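The residues making up each chain are set out below.
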Amino acid sequence: MIFAVPVASLRRAARHNLLTTAGVLLVAIFVTCALFAPWISPQDPAHIDLPARLTGPSASHWFGTDALGRDMLARVIYGARLSMLVGSCVVAASLTLGLIFGSIAGYYGGVVDRLLNVVVMNAFMSFPGILLAIAFVAFLGPGIVNLIFALSLGGWVGYARLVRAQVLAVREREFVEAARALGANDLRIIVRHILPNIIQPVIVQAAIGMAGAILAEGTMSFLGLGVPPPAASWGSMLNDARAYLFDSPHVVLFPAGAVMLAVLSFNFIGDGLRDYLDPRARIEVGL
């Protein structure tokens, strides 16, 4: 199994790829903020203090305050909770749909493959994912459930295409033929024999897809189609701070920096996983 890796090998990989190590540390920080936001946050993110509006970073407000006097550090921490929740749910839903439809299309081929690949997947890919999400949320209204569903609706096709290609490459392999000869049904062959042997590139795609989901959530919130206020979101914070970019740049820099670091960290992890899970790449670097 790909998860049963020696600790020494992981240490060598961490020393070899410092960017991946930095990505893991950043993700650990964001996850910690998401899980323990009520205890880590210095203040209530929705607390309004108008006399202290737009104050710069100080000892009492490390990241300063926004136009309503709300503590920026508290809102960035709670924004991490929202981004991690939406990103993980979107990736989980998209990955599940992609595994189901991609496996069916690749395993059965023929008419089933043409229907799912040529008709259904191409129909979804003909619309930009973010525009599809905007239309969906604009129709049903903003909210975290609608946001997750809208982003998943446009994100599953990439996983399905990847899974389909991998299944097509292994469905005629000897171990699949042996399982079929022993009387295993199609579901067992797909779940027990095919998917474990194609899961490596899917994991890499999921890590990179997490970065895309966080960026998409920030975009939707920036457009006012994310979670309604007063919930803290990095995208909505950027939207509220546009008018104060030159007078109080800290209200833009901190949420923008959080988005940038979150996206970079998952991209670094995806690149590192791609190198680590590829046997040829591991041999080349001595892992």
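Criteria and thresholds
Residues numbered from 1 in each chain as written. Predicted model: local features only at pLDDT ≥ 70, side-chain atom pairs only at ≥ 80, totals over all residues. Heavy atoms only, no water. Patch = residues over 30% accessible without salt bridge, like charges linked within 9 Å, V, L, I, M, F, W, Y side chains within 5 Å. Areas by Shrake-Rupley, 256 points an atom, 1.4 Å probe, with all protein chains shown as cover. Salt bridge = Lys/Arg side-chain N within 4 Å of Asp/Glu carboxyl O. Helix = DSSP H or I, 4+ residues; strand = E, 2+ residues; numbered from the N terminus. Buried < 20%, exposed > 50% of the residue type's maximum accessible area, 1.4 Å probe, protein only. Contact = heavy atoms within 4.5 Å. Polar contact = N/O pair within 3.5 Å; in protein donor to acceptor, adjacent residues only side chain to side chain. Phe/Tyr/Trp six-rings, centres within 6.5 Å; stacked < 30°, edge-to-face > 60°. Core = buried A, V, L, I, M, F, W, Y, C linked by side-chain atoms within 4.5 Å.

## Considering a nonpolar patch on the surface
Right, on to step 1. Residues Val31, Leu35, Phe36, Trp39 and Ile40 make up a contiguous nonpolar surface patch of roughly 530 Å² in combined accessible area.
Right, on to step 2. By the secondary structure assignment, Trp39 is in helix H3 (residues 37-40).
Right, on to step 3. Its relative accessible area of 67% is what places Trp39 among the exposed residues.

## Observations concerning the environment of Thr55
Right, on to step 1. Tracing the backbone shows Thr55 in the loop between H3 and helix H4 (72-108).
Right, on to step 2. Residue classification places Thr55 among the partly exposed positions, given a relative accessible area of 28%.
Right, on to step 3. Along the sequence, Thr55 and Glu217 sit 162 residues apart, while their C-alpha atoms lie 27 Å from each other.
Right, on to step 4. In contact with Thr55, other than residues within four places in its own chain, are His61, Gly64, Thr65 and His250.
Right, on to step 5. Here the side chain of Thr55 touches Ala52 through a polar contact of 3.2 Å, landing on its backbone oxygen.

## A closer look at the environment of Ile48
Right, on to step 1. By secondary structure assignment, the location of Ile48 is in the loop between H3 and H4.
Right, on to step 2. Counting along the chain gives 22 residues from Ile48 to Arg70, while the straight-line C-alpha distance between them is 5.2 Å.
Right, on to step 3. Not counting the four nearest positions on each side in its chain, Ile48 is found in contact with Leu68 and Arg70.

## What about the packing of aromatic side chains?
Right, on to step 1. Per the counting criterion, the structure on display carries seven aromatic pairs.
Right, on to step 2. Geometrically, the ring pair formed by Phe136 and Phe149 is tilted, given 5.1 Å between the ring centres and 35° between the ring planes. Residue Phe136 is located in helix H6 (residues 129-140), and its partner Phe149 is located in helix H7 (residues 144-170); the two are separated by 13 residues in the primary sequence.
Right, on to step 3. Among the residues examined, Phe149 registers a relative accessible area of 47% and is labelled partly exposed.

## Observations concerning the nonpolar core
Right, on to step 1. Ranked by internal contacts, the top residues of the largest apolar core, which has 47 residues, are Met84, Val86, Leu151, Ile214, Met220, Trp234 and Phe266.
Right, on to step 2. Secondary structure elements with two or more residues in this core: helix H2 (18-35), H4, H6, H7, helix H9 (186-222), helix H10 (234-241) and helix H11 (250-277).
Right, on to step 3. When residues in this core are grouped by element, the largest group, ten residues, is from H4.
Right, on to step 4. For Val86, the contacting residues outside a window of four places in its chain are Ile144, Leu147, Ile148, Leu151 and Glu217.

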